[in-house]
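Residue-level listing of the chains:
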Amino acid sequence: MTGSVGTDRRRTPRVLIDATAVPADRGGLGRYVEGLLGALHALGADLAVACQRADEQHFAKLAPGARVVPGPAALAHRASRLAWEQTGLPQVAERVAADVIHLPTYTIPTRPGRPTVVTIHDVTLFTEPERHDPLRTTYVKSATRTAARRATRLIAPSRATRDELVRVLGADPSHIDVAYHGVDHEVFHRPSEDEVKSVSDRLGLHGYPYVAYLGALEPRKNVPNLIRGWARACEHLPEPPALVLAGGGGWDDEVDAALATVPLGLRVVRPGYLPWAALPGFFGGALVVALPSRCEGFGLPVLEAMACGAPVLTTRRGPLPEVGGDAVAYTEPDPAGIAAALESLVVDPDRRRELATAAVTRSREFSWEESARAHLRSYERAVSQYAASR
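The structure reproduced in this document is the subject of the present report. None of these values were measured; they are calculated from a predicted model. (Residues numbered from 1 in each chain as written. Predicted model: local features only at pLDDT ≥ 70, side-chain atom pairs only at ≥ 80, totals over all residues. Heavy atoms only, no water.)

## Remarks on the pattern of salt bridges
The test is simple: Whenever Lys or Arg places a side-chain nitrogen within 4 Å of a carboxyl oxygen from Asp or Glu, that contact is recorded as a salt bridge. Helix and strand definitions here come from DSSP, where helices need a minimum of 4 consecutive H or I residues and strands a minimum of 2 consecutive E residues; each element is numbered from the N-terminal end. In this scheme, a residue with accessible area under 20% of its type's maximum is buried, one over 50% is exposed, and one in between is partly exposed, where area comes from a 1.4 Å probe on protein chains only.
Under the defined criterion, the tally for this structure stands at 20 salt bridges. Among the ionic pairs, Arg153 bridges to Asp177, the shortest N-O distance being 2.7 Å. Separated by 24 residues along the polypeptide, Arg153 in strand 6 (residues 153-156) and Asp177 in strand 7 (residues 176-178) bring together distant segments of the chain. Across the pair, exposure class does not vary: Arg153 and Asp177 are buried alike. A salt bridge links Asp350 to Arg353; its shortest N-O distance comes to 2.3 Å. Here Asp350 and its partner Arg353 are both found in helix 14 (residues 349-363), three residues apart, which amounts to about one turn of the helix.

Have a look at this one:
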């Protein structure tokens, strides 16, 4: 298959994308793979996709013309998937005559038989291991080191992550490509009044103001300090906004302890997962979207909230300033800093409107098309680099 990227095979390698790690609830990895795959298809890239059986039709619709190869049913189990990746994925690559394999997470086959490109989303397991699930830390760190050493090329989603790969893992900077994530501006958009009302009613708020958070309850997301900072900011407000903690999963034991300190009269809503269709109304209907992470590889929820016209409060940690620029408000990650920054936004509608407008404008600088072009360049370099080393 050829397209707008040209017809010379040296410039348009056939790429096998390993989508078998995409979880059923999608999450950040799913949004990355799906956004990238759709944009690569639109650019006319020569694609094959390995995926779980349940996702075969989904990826076939997302990238018509791509060779979609479902793996065995056992891939739904993580251990089986990792084992299959070592032998099954290279066999799929041989069958589809792939020129390069793209692994969008931290694992890599020991003997892929062709050039590989691995996306390493962050190295916070190395820099802040206490903020991650200890049951996974040892394996993921080992796998990440292996990928950084053996992959033909690495993709980092930000300059900050690239620099950490070099500093922490000793990765060769000449073998790392930066490809920012994009945002689907059809999905993430300024919401209509009806979209805002629908979400507000779904949350049981019925027009009552709220501060929004979306993400896993993991220590690096800093949710306990968000709860404490929000409660402190609301102490003297005549109409304190509710705090909505949306999303699921995670293991931060401090969340419940922080919630137990919330004064009577303040309202916390925990709706769990929200469907994609509800996110524009959720983000765009909030007084403030607060995402005060301690560490990130990119910060996709920040970008998605910006695209929905939300005033966003985040931190200057890692790549978040690369995403937010001057279009978001910043805070230190401690409760006092969050409280001061949050209160200043809640009581200042002009500042919120200013940030909302700037956020939408800046979000348009990020697209999956540009991300796909950066990935294509990385694939091409990988093929050339691999050939030169033979």
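Once you've had a look at it, read on.
## Observations regarding the packing of helix 11 (residues 300-307) against helix 14
Two quantities define a packed helix pair, namely the angle between the helix axes and the distance between the axes. Worth spelling out the cut-off: Axis definition: a line fitted to C-alpha atoms, limited for helices to the stretch in contact. Angles are taken between N-to-C directions and run from 0 to 180 degrees. Geometric relationships in this document are graded by angle, where less than 35 degrees denotes roughly parallel, more than 145 denotes roughly antiparallel, 65 to 115 denotes roughly perpendicular, and other angles denote oblique. When the near helix sits turned anticlockwise from the far one by under a right angle, the crossing is termed left-handed; a clockwise turn instead gives a right-handed crossing. Whether two residues are in contact is decided by their heavy atoms, any of which lying within 4.5 Å being enough. Asp, Glu, Lys and Arg are counted as charged, while Ala, Val, Leu, Ile, Met, Phe, Trp, Tyr, Cys and Pro are counted as nonpolar; the rest, among them Gly, fall into the polar class.
Remark: helix 11 packs on helix 14, axes separated minimally by 7 Å, with the N-to-C direction vectors making an angle of 115 degrees. The orientation of helix 11 with respect to helix 14, classified from their angle, is roughly perpendicular. Here the hand of the crossing between helix 11 and helix 14 comes out left-handed. Across from Leu303, Met306 and Ala307 in helix 11, the residues of helix 14 making contact are Ala359, Val360, Arg362 and Ser363. Residue composition of the contact of helix 11 with helix 14, by class: five nonpolar, one polar and one charged.

## Topic: the packing of helix 8 (residues 223-234) against helix 13 (residues 335-346)
Packing of helix 8 against helix 13 leaves a shortest axis separation of 7 Å and a crossing angle of 50 degrees. Viewed along their axes, helix 8 and helix 13 adopt a mutual orientation that is oblique. In this structure, the crossing between helix 8 and helix 13 has a hand that is right-handed. On the side of helix 8, the interface is formed by Asn225, Leu226, Arg228, Gly229, Trp230, Arg232 and Ala233, while helix 13 contributes Pro335, Ala336, Ile338, Ala339, Leu342 and Glu343. A per-class count over the contact of helix 8 with helix 13 returns eight nonpolar, two polar and three charged.

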